[in-house]
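# Examining the three-dimensional arrangement
Each chain, letter by letter, is given below.
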Amino acid sequence: MEETRPFVSWDLVHDFMVDVFVKYGVPKEDARICTDVLLESDRRGIESHGCNRFKPIYLDRIKNGTLLPKTEIEIVKDTPCTVVMDAHNGMGMVASHKMMEMLIEKASKYGMAGGTIFNSTHYGIAGYWTTMAEKAGMIGISGTNARPSVAPTFGVEPMMGTNPLTFTMPTDEEFPFNFDCATSIIQNGKIEFYARQGKDTPAGLVVAKDGGTMTESATILKEMRAGNVALLPLGGLGEETGGYKGYGFTTIVEILSAALAGGPFMKALSGKDENGNNAMYHLGHFFFVINPAFFMGVDTFKKTAGDICRGLRNSTKAPGQERIYTAGEKEYMAWLDRKDKGVPVGESIQKEFIQLRDELGLTQYKFPFEK
């Protein structure tokens, strides 16, 4: 489908978002980290976690007090191969960046390292953190819990988050193997994106209390907040199509995100207090870094990983299909397409950018979509 939204240069959007974050009280270096994480989502074509979430997730939460703009990182435990960190309800992306820097350094010395963060907030796409490891020639693994929105198999009550389980591995190709996705069929950000576009959510992804499914995106979001609908784990309803597998993976992420640091889990992550008022989210994240140099070497790992990916892409295609992809390839293609064009910005984000600029007095910014 041909892109009809206007493109805005990466530099312009980057500088604007940094300045907006700073106006909201985020220190400039932290603002740069947060902005780069969000824009990396758009670079990869993962628009559910990019500019689309700038205001409704981060700015609005800073404004309502459920996200602190200044991140006071506390290292609770630090060993040669592990780190436990308290983010004190600051920017999850800032804490995660510090965590990955520490783990990559540890893995370079000892071969493996793992860490966990508690009392955190939304940390963007999990693939950003695992890619930090990949850029250092290592394997990155990460996951996070989130506000409850996914029902267990045979259930209809939202109990766990969309809980991504993400792996990035270096290859000898131009792009890594990057598997970054939720353990639910769909994530909240995608439904928010559909709602902004005025589109329905595909059938069979959301279950209501009566066991039926819903498709009207705005209604789903409203009922989700009320706890009346839930997303389904990978595999969908019941066991016949493997829903129990997705349910199991979602639970694994929930346990690792909470139990390694002794943090809260499931309904305690709702972002509401006992009276229904806004409250801190207290999310947990986990990270593991593996250094192939301590096994059979980085070059051997990259060559073998690349051979596996090439073998999969060159295997027999189904009738009518043009090609086979491996994880991370489409994201790389999206970046090649967008790197010189800029960020595609829809009408809802255009309005938000203009409103933020005018409210914050950032009059130096002129957007190409303005008439």
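Residues numbered from 1 in each chain as written. Predicted model: local features only at pLDDT ≥ 70, side-chain atom pairs only at ≥ 80, totals over all residues. Heavy atoms only, no water.

Scanning the protein chain from N- to C-terminus turns up 11 helices and 11 strands. For the protein chain, whose C-alpha radius of gyration is 20 Å, the value lies close to the compact-globule estimate of 21 Å for 371 residues. Taken along its principal axes, the extent of the C-alpha atoms in the protein chain is 55 × 50 × 50 Å. Counting every position in the protein chain, which comprises 371 residues, the buried fraction comes to 52%. Taking contacts inside the protein chain between residues at least 6 apart in sequence as the whole, the part at least 24 apart equals 66%. If you sum the accessible surface of the protein chain, you get close to 17200 Å²; carbon and sulfur atoms cover 54% of it. In the protein chain, the 40 positive side-chain charges and the 46 negative ones have mean positions that sit 1 Å from each other. (Helix = DSSP H or I, 4+ residues; strand = E, 2+ residues; numbered from the N terminus. Rg over C-alpha atoms; globule rule 2.2 N^0.38 Å. Buried < 20%, exposed > 50% of the residue type's maximum accessible area, 1.4 Å probe, protein only. Contact = heavy atoms within 4.5 Å. Areas by Shrake-Rupley, 256 points an atom, 1.4 Å probe, with all protein chains shown as cover. Lys, Arg positive; Asp, Glu negative; His and termini not counted. Charge placed at Lys NZ, Arg CZ, Asp CG, Glu CD.)

Within helix α5 (residues 126-135), nine of the 10 residues are buried, leaving the element largely enclosed by the surrounding structure. Within the sequence span of α5, burial applies to A126, G127, Y128, W129, T130, T131, M132, A133 and E134. Looking at the buried residues of α5, the elements they touch are α2 (28-43), α4 (92-110), β5 (139-144), β6 (165-169), β7 (177-179) and β10 (283-290).

This part is about the sheet that holds strand β2 (residues 74-78). Here we have seven strands laid out as an open sheet, ordered β2-β3-β4-β10-β5-β6-β7, and mixed in their pairing. With partners counted over all chains shown, the strands left at the sheet margins are β2 and β7, one partner each. Direction aside, neighbouring strands of the sheet carry axes that sit 15 degrees apart on average. As paired elements, β2 and strand β3 (residues 82-86) share four bridges and run antiparallel to each other. Residue pairing in the sheet places K77 in a bridge with V84 of β3. Across the face of the sheet, α4 comes into contact with β2, β3, β4 (112-120) and β10 while running at roughly 165 degrees to β4. (Pairing = 2+ DSSP bridges. Axes fitted to C-alpha atoms, helices over the stretch in contact; angles between N-to-C directions.)

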